[in-house]
Amino acid sequence: MSAPSVVIAGCGDVGSRLASQLLVSGWEVHGLRRDISRLPAGVIGIAGDLFSKACPDTWPIGGVDYLVYCAAATDHDEAGYRAAYVQGLKHVLEWLGDYGQEPKHLLFVSSSSVYGQQNGEWVDETSPTQAKGYSGQVMLEAEQVALTSGIPASIVRLTGIYGPGREWLLTQVRQGYRVAVDPPLYGNRIHADDAAGLLAFLLRHLEKGGSLEQVYIGVDDAPAPLAEVVAWLREYLGVTQWSEDASVRRAGSKQCSNARIKALGWTPTYPTYREGYAAILKG
């Protein structure tokens with residue numbers, strides 16, 4: 001039996017982590033990005049641009065069992081989001097059509113920004129999507145492109161990804177970051193390795209003959225008030241001073257549930273921010 005093949009379109013940080021996990025399992029992994037020299041060893045590079053309608057010259061000509069669309073916006077405005085998530089996905093779907101390729105399943109990596117709940121409510125995959133900003137609204141548009149593509153598809157709505165190289169909060173805490181305590185501003189997060197691991201878990205589940213729901217939320221086990229996370233990091237890092245110009249975040253909040261994906265058998269390596277940030281800081 002030949003190894004299952006996957007194209008990871010937008011093989012950046014999370015995509016590369018996913019590729020490495022699948023390679024260990026013996027998968028044939030094709031990774032699409034502009035600079036293929038940055039792909040993990042063993043990944044078959046597709047040098048291409050999701051923003052271009054032209055199919056890359058190195059697009060695989062054989063069968064493609066699975067497609068993971070894991071893009072990132074280059075420009076953080078509405079046009080940039082639409083180019084990355086809507087048009088980019090349409091381009092990839094066209095390239096599949098050009099080669100007569102029919103993947104068994106498409107995983108579209110989306111965002112919890114599609115939920116606009118503001119008052120600390122618990123949110124799951126059945127909650128109404130009330131995106132307030134353009135990012136969530138464009139994501140919802142892109143999700144529909146995936147779900148109506150003609151390929152069996154599932155949406156994975158990742159929450160705030162952190163990990164090596166994604167250390168914005170650590171930097172802010174070191175600079176004396178302050179955050180409102182009351183009402184609590186809940187944050188949702190997932191370590192980059194767990195984000196990749198969740199995607200790998202879903203692909204392996206499919207390859208074993210399992211079925212998937214249309215939507216999953218990717219989040220750790222314990223959404224927590226941002227003030228609690230900041231206080232824990234301050235103590236862990238030994239930060240004792242507040243910066244005079246420290247930011248004070250006052251925004252809406254929600255608590256995302258991972259019950260659906262855990263019921264399928266997935267378990268995060270870093271179940272809370274404590275394990276995840278400790279792993280980063282220990283190097």
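Definitions and limits used
- Residues numbered from 1 in each chain as written.
- Predicted model: local features only at pLDDT ≥ 70, side-chain atom pairs only at ≥ 80, totals over all residues.
- Heavy atoms only, no water.
- Helix = DSSP H or I, 4+ residues; strand = E, 2+ residues; numbered from the N terminus.
- Rg over C-alpha atoms; globule rule 2.2 N^0.38 Å.
- Buried < 20%, exposed > 50% of the residue type's maximum accessible area, 1.4 Å probe, protein only.
- Pairing = 2+ DSSP bridges.
- Axes fitted to C-alpha atoms, helices over the stretch in contact; angles between N-to-C directions.
- Contact = heavy atoms within 4.5 Å.
- Expected span 1.5 Å × (residues − 1).
- Left-handed = near helix turned anticlockwise from the far one by under 90°.
- Nonpolar A, V, L, I, M, F, W, Y, C, P; charged D, E, K, R; others polar.
- UniProt positions renumbered as here; feature names shortened; annotations may be inferred.

All right, on to the overall build of the protein chain then. Within the protein chain, the regular secondary structure consists of eight helices and 15 strands. Since a compact globule built from 283 residues should have a radius of gyration of about 19 Å, the 19 Å found for the protein chain is in line with a globular shape. Counting only C-alpha atoms and orienting by the principal axes, one finds that the protein chain spans roughly 60 × 40 × 35 Å. The 283 residues of the protein chain split such that 52% are buried.

The next point concerns the sheet that holds strand β4 (residues 66-69). The sheet built from seven strands is open, its strands ordered β3-β2-β1-β4-β5-β7-β12 with parallel pairing. Only two strands of the sheet have a single neighbouring strand rather than two, namely β3 (44-47) and β12 (215-218). Ignoring which end each strand starts from, the neighbouring axes of this sheet average 20° apart. Docked against the sheet, helix α2 (residues 78-98) engages β1 (5-9), β2 (28-33), β4 and β5 (105-111), running at close to 160° with respect to β4. Contacting β1, β4, β5, β7 (153-158) and β12, helix α5 (residues 192-207) crosses the sheet at an angle of about 160° to β5.

Following D182, the chain continues into P183 via a peptide bond in cis, with omega recorded as 0°. Checked against the element boundaries, P183 lands in the loop between β9 (178-179) and β10 (186-187).

The next thing to look at is helix α1 (residues 13-24). The end-to-end C-alpha distance of α1, which contains twelve residues, comes to 17 Å, matching closely the 16 Å that a straight helix rising 1.5 Å per residue would cover. Within α1 the residues assigned to the buried category are V14, G15, S16, R17, L18, A19 and L22. As for α1, its buried residues are in contact with β1, β2, β4, β8 (160-162) and α5. At the exit of α1 stands G26, carrying a positive phi of roughly 85°.

Okay, α5 next. Each turn of an α-helix holds 3.6 residues, which means side chains three or four residues apart point in the same direction. Between its first and last C-alpha, α5 extends 23 Å over 16 residues, near the 22 Å set by a 1.5 Å rise per residue. Counting buried residues along α5, twelve of its 16 residues qualify, which places the element largely inside the surrounding structure. All buried positions along α5 are accounted for by A192, D194, A195, A196, G197, L198, L199, A200, L202, L203, H205 and L206. Of the residues flanking the end of α5, it is G209, one or two places downstream, whose phi is positive at about 95°.

A few words now on the packing of helix α6 (residues 226-237) against helix α8 (residues 273-282). Remark: α6 packs on α8, axes separated minimally by 11 Å, with the N-to-C direction vectors making an angle of 35°. When the axes of α6 and α8 are compared, the crossing they make is right-handed. Contact with α6, carried on its side by E228, V229, W232, L233, Y236 and L237, involves Y273, R274, Y277, A278, L281 and K282 of α8 and no other residues of that element. Partitioned by chemical class, the residues of the contact of α6 with α8 number nine nonpolar, no polar and three charged.

A few words on the UniProt feature "domain: NAD-dependent epimerase/dehydratase" (unreviewed entry) in the protein chain. Here the UniProt feature "domain: NAD-dependent epimerase/dehydratase" (unreviewed entry) sits at residues 8-218. Within residues 8-218, the helical portion is 33% and the strand portion 23%, while the C-alpha atoms at the span's ends are 18 Å from each other.

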